[in-house]
Amino acid sequence: MRRWGWKPGGKRDGFQIWRYVSLISFQWIFFFLIPEFLFRWAVEYQWVGERLAHDPAFAGQAWRAYGLVYAWPLFFYTFFGNPSQVWVVWGLILAFGIIPVLVLFHGKRYCSWICGCGGLAETLGDRWRHLAPKGKTSIRWEFMNSIVLAAAVAVTLLVLARDFFHIFGKPAQAGLEYYHLFADVWLVGILPVTLYPFFGGKVWCRYWCPLAKLMQIFSAAFTRFRVSRFAIDANEKCIACMECTRNCQVGIDVMSYALKQEPITNANSSCIGCGICVAVCPMEVLTFARQAAGPAGLVQITTN
Ligand code: SF4
Ligand code: SF4
């Protein structure tokens, strides 16, 4: 917040300050205080109602409270292991109701305003943000998050099928164990943080996160149907200093969009809406769009 909350002339950057307040608040409240303390108190003092407080499938599983904000497929455990119906209903509303609406208005800002993986990258990983791989090859490697998303979908279907057909028992268990080992332990936990000093903070979010891929699909579709409210526009003042490109943590060549005055959307990039390119631009070229953006942007023709 100290690095990005104030611009070089000392002017306050409200967008960045609120972004860091949001990140810090979500980590403290939803990923620490609620699952570790408040959930237990809510059960003990029956804030959740007498019925839920006495339901062992709900009361005895405080860890499921991480699913209050972590959506499927990032946290697919919400639906596994005989959950209380409350979590199943909430998980469906979150993944297929709240997330798409959030994406409609804010693109993939879940990654830069809410998520714990993004929060660690935006704080601990921030000093290496300029090391994010750039260029066409690095963008091609983003196909890997489609594979992780497909694996998450396959494991989810297998585990759900197991409840109806016993034949899926072993494959479902094996799928869960392999996914846990490869995705949750290596791809979320160990590899990306180890790679911060070499490839910047967004290795998991950019290349492997299945939720980021799902939001990308939603956001790109909204953009193509011209209903998305998320885009970054550029005016004609770009001086090609490259500061925006250098500081983009997901390796987007922001300057090339700015020089062409082409809006950045999720149909043409994996932008997560962190706004750092907007903050570092010395010419105030970039702004978040206030209108629905189409795939190629709209050109306004005026007559005198
Ligand atoms: S293009 Fe700008 S807003 Fe989007 S991820 Fe890169 S730095 Fe953040
Ligand atoms: S930081 Fe601004 S002026 Fe510099 S290249 Fe990017 S858009 Fe152009």
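Scroll up to find the structure this text is about.
Residues numbered from 1 in each chain as written. Chains lettered and ligands numbered in written order. Predicted model: local features only at pLDDT ≥ 70, side-chain atom pairs only at ≥ 80, totals over all residues. Heavy atoms only, no water.

Q: How do you make sense of unusual backbone geometry when you look at a structure like this?
A: Only a minority of non-glycine residues have a phi that is not negative, and only a minority of peptide bonds are not trans. With an omega of 5°, the peptide bond between Trp72 and Pro73 qualifies as cis. Along the polypeptide, Pro73 turns up in the loop between α3 (56-59) and α4 (85-106). The backbone of Arg226 sits at a positive phi, close to 60°, despite the residue not being glycine. Structurally, the position occupied by Arg226 is in the loop between α11 (210-224) and β1 (232-234). (Helix = DSSP H or I, 4+ residues; strand = E, 2+ residues; numbered from the N terminus.)

Q: Would you mind going over the packing of aromatic side chains with me for this structure?
A: For any two aromatic rings, the description comes down to two numbers: the centre-to-centre distance and the angle of the planes. Scanning the entire structure with this criterion turns up 23 aromatic pairs. When the ring of Phe76 is compared with that of Tyr179, the centres are 4.7 Å apart and the planes differ by 45°; the resulting orientation is tilted. Separated by 103 residues along the polypeptide, Phe76 in the loop between α3 and α4 and Tyr179 in helix α9 (residues 169-199) bring together distant segments of the chain. Of the two residues examined, Phe76 and Tyr179, each falls in the buried class. Arranged with centres 6.3 Å apart and planes meeting at 85°, the rings of Tyr77 and Phe80 form a pair that is edge-to-face. (Phe/Tyr/Trp six-rings, centres within 6.5 Å; stacked < 30°, edge-to-face > 60°. Buried < 20%, exposed > 50% of the residue type's maximum accessible area, 1.4 Å probe, protein only.)

Q: Looking at this structure, I do not really get helix α8 (residues 144-162). What am I missing?
A: The periodicity of an α-helix, 3.6 residues per turn, causes residues three or four positions apart to be oriented the same way. Here α8 spans 27 Å end to end across 19 residues, near enough to the 27 Å set by a 1.5 Å rise per residue. Packing partners of the buried residues in α8 comprise α9, α10 (203-208) and α11. (Expected span 1.5 Å × (residues − 1). Contact = heavy atoms within 4.5 Å.)

Q: Could you clarify how one ought to interpret the environment of Thr245 in this entry?
A: Locating Thr245 in the fold gives a position in helix α12 (residues 243-247). Relative accessible area serves as the criterion here: at 2%, Thr245 is assigned to the buried category. Distance from Thr245 to Ala132, taken between C-alpha atoms, is 9.9 Å for residues 113 residues apart in sequence. Apart from the residues lying within four places of it in its own chain, the contact partners of Thr245 are Lys134, Ile252, Asp253, Val254 and Met255. A distance of 3.0 Å separates the side chain of Thr245 from the side chain of Asp253, its partner in a polar contact. From its side chain, Thr245 meets the backbone nitrogen of Met255 in a polar contact 2.9 Å long. (Polar contact = N/O pair within 3.5 Å; in protein donor to acceptor, adjacent residues only side chain to side chain.)

Just distances and angles here, no functional claims.
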